[in-house]
Amino acid sequence: MNATQTLIPTLKGTLVPFAEATPWPVIVVDAAGRVLYLNSLMENARGMSLSHLVERDFVHLFPEYAAVLVGEVPWMTPQDASVVRTHKGVPVHERVWVRRLPHGACLTVVDETRIRELETSQAQTARLASLGFMLASVSHEIGNPLAAIHSMLQILQSRRGLSPETTERGLNTMAASVRRLMAISRKLNSFSRVSSEPPSDFSLDAAIEEATTVFGYDSLGETVELIHHRDPDARLFGQLGELQQVFYNLFLNAAQAMKGQGIITVRVWREGAVVHASVHDTGPGIPTQDLDKVFEPFYTTKRKVGSTGLGLSISQEIVQEHGGSIRAEAHPNGGALFHLCLPARQAQEGE
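Small disclaimer: the values here were computed from a predicted structure and weren't measured.

(A) Seen up close, the overall build of the protein chain. Along the protein chain, the regular secondary structure elements total nine helices and twelve strands. The buried share of the protein chain, taken over its 351 residues, is 43%. If you sum the accessible surface of the protein chain, you get close to 18,600 Å²; carbon and sulfur atoms cover 56% of it.

(B) Spotlight on the pattern of salt bridges. A complete count under the given rule lists eight salt bridges for this structure. One salt bridge connects Arg-230 with Glu-209, and the closest N-O pair in it is separated by 3.0 Å. Taken together, the residues span a long stretch of sequence, with Arg-230 in the loop between strand 7 (225-229) and strand 8 (235-238) and Glu-209 in helix 7 (residues 204-216) at a distance of 21 residues. The salt bridge partner of Glu-329 is Arg-327, with a shortest N-O separation of 2.5 Å. For Glu-329, a relative accessible area of 22% puts it in the partly exposed group. Using a relative accessible area of 40% as the deciding quantity, one classes Arg-327 as partly exposed. Connected through salt bridges with shared partners, the residues Asp-201, Arg-235 and Arg-345 form a single ionic network.

(C) Quick peek at helix 8 (residues 240-257). Over its 18 residues, helix 8 extends 26 Å from the first C-alpha to the last, a length consistent with the 26 Å expected when each residue adds 1.5 Å. Across the 18 residues of helix 8, 14 count as buried, placing the element largely inside the fold. Two residues or fewer after helix 8 comes Lys-259, characterised by a positive phi angle close to 55°.

(D) Representation of the sheet that holds strand 12 (residues 336-343) within the structure. Read across the sheet, five strands follow the order 7-9-10-12-11 without closing on themselves; strand pairing throughout is mixed. Looking at strand neighbours, the two that pair on one side only are strand 7 and strand 11 (325-330), the edges of this open sheet. Shown here is a sheet whose adjacent strand axes are inclined to one another by a mean of 15°, direction ignored. The pairing of strand 11 with strand 12 spans six bridges and is antiparallel. For Ala-328, the partnering residue across the bridge sits in strand 12 and is Phe-338. Of the strands in this sheet, strand 7, strand 9 (263-271), strand 10 (274-281) and strand 12 touch helix 7, which is tilted by about 170° from strand 7.

(E) Representation of the nonpolar core. Among the nonpolar cores identified, the biggest contains 39 residues, and Leu-204, Phe-247, Leu-250, Phe-251, Ile-264 and Phe-338 are the most heavily contacted of them. The set of elements that each furnish at least two residues to this core consists of helix 7, helix 8, strand 9, strand 10, helix 9 (311-321), strand 11 and strand 12. Here the element with the most residues in this core is helix 8; it accounts for eight residues. Residues within four places of Phe-338 in sequence aside, it is in contact with Leu-250, Ala-277, Ser-278, Val-279, Ile-286, Val-294, Phe-295, Leu-312, Ile-326, Arg-327 and Ala-328. Counting residues in hydrophobic clusters, the runner-up holds 22 residues, among them Ile-27, Met-42, Leu-61 and Ala-81.

Cut-offs applied
Residue positions are given per chain, counted from 1 along the sequence in the order it is written. Local features in a predicted model are, by the rule used here, given only for residues with pLDDT of at least 70; side-chain atom pairs are given and counted only at 80 or more, and totals for whole chains, interfaces and linings are based on all residues. Side-chain figures throughout are based on the complete set of non-hydrogen atoms in the structure, without hydrogens or water. Helix and strand definitions follow DSSP, with helices as H or I runs of at least four residues and strands as E runs of at least two, each counted in order from the N terminus. Think of it in three bands: residues with accessible area under 20% of the maximum for their type are buried, residues over 50% are exposed, and the middle band is partly exposed, with areas taken using a 1.4 Å probe on protein chains only. The Shrake-Rupley method, run with a 1.4 Å probe, gives the accessible areas here. Residue values count only the displayed protein chains as cover. Within this document, salt bridges are pairs made up of a side-chain nitrogen of Lys or Arg and a carboxyl oxygen of Asp or Glu, the two lying within 4 Å of each other. Given the number of residues in a helix, its expected span is that number minus one, multiplied by 1.5 Å. A pair of strands is labelled paired if DSSP reports no fewer than 2 bridges between them. What counts as an axis is a line fitted to C-alpha atoms, over the stretch in contact for a helix, and the angles between N-to-C directions run from 0 to 180 degrees. Pairs of residues are marked as contacts when any of their non-hydrogen atoms sit within 4.5 Å. Note on terminology: a nonpolar core comprises buried Ala, Val, Leu, Ile, Met, Phe, Trp, Tyr and Cys residues joined through side-chain atoms within 4.5 Å.

Below, the structure written as structure tokens:
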């Protein structure tokens, strides 16, 4: 009696009633990858009837699932994997669970499309709620440059015989105020925009390298030394572009604090299910009493270098959306230290 014949009594006796009672589509294969059974939900979902099929090879019938499974014999390797396939022109997000049976395996497919839609909606809701909180501070924040512009306009409009120096100084004040208003506007637009980048598996070091490249185009980035200690096991599932923005903000803050002269050290490491990253600079550091304030919207100590005080607040929101946390610390050897913790992408069995 071969393995398939051995598995058939199990199918008829207990597995079929159980599979028909489950709320998910089910596939049963033998060790050779031949599909022996599809429950009614799977047949309805894929528009096929196993009894009418001549070709029953799992890889042939379900290429999308076969492509994401790993292992020497993927359909026999206990694991779970995410897959995105298209059904009638619409993307469908599914998770495939593989569990061994005597002489075969059972594959359960869970539709996660609605969950992904809810996660996207919740992320947008959270971001808009945070934006609402930030806007409570905007009226005060933009009030100062608007007041300066208004005062200088009154002076320039009402007084005769102003010296060229006074006129020039007034115009420079107005220009600086306008630049600040524009900077705040750009930051708020960036924060409120929903990213169209689909979540993916990526290396945190790749996000840092992209941030380093962008930072290098800044005038401050040209004179600051950046040291990057990598960890190839530090992989995440999320949006690389948003994490790149976080590290760019941290690099720019550090460079501004160091006035373009110093060293930024980035260290990445993984501990179990958590990926850690630290960003340490050789600047003046953050006063202890301000460590809890640095993530508040519009909090900044760098008004003279054009900081809006939104970079760290935005960075914290991005990190939290990825299920992580970020905190500011005073480094024992001086300088500021930011420590990020993010959930690691879990490797599939057999990788």
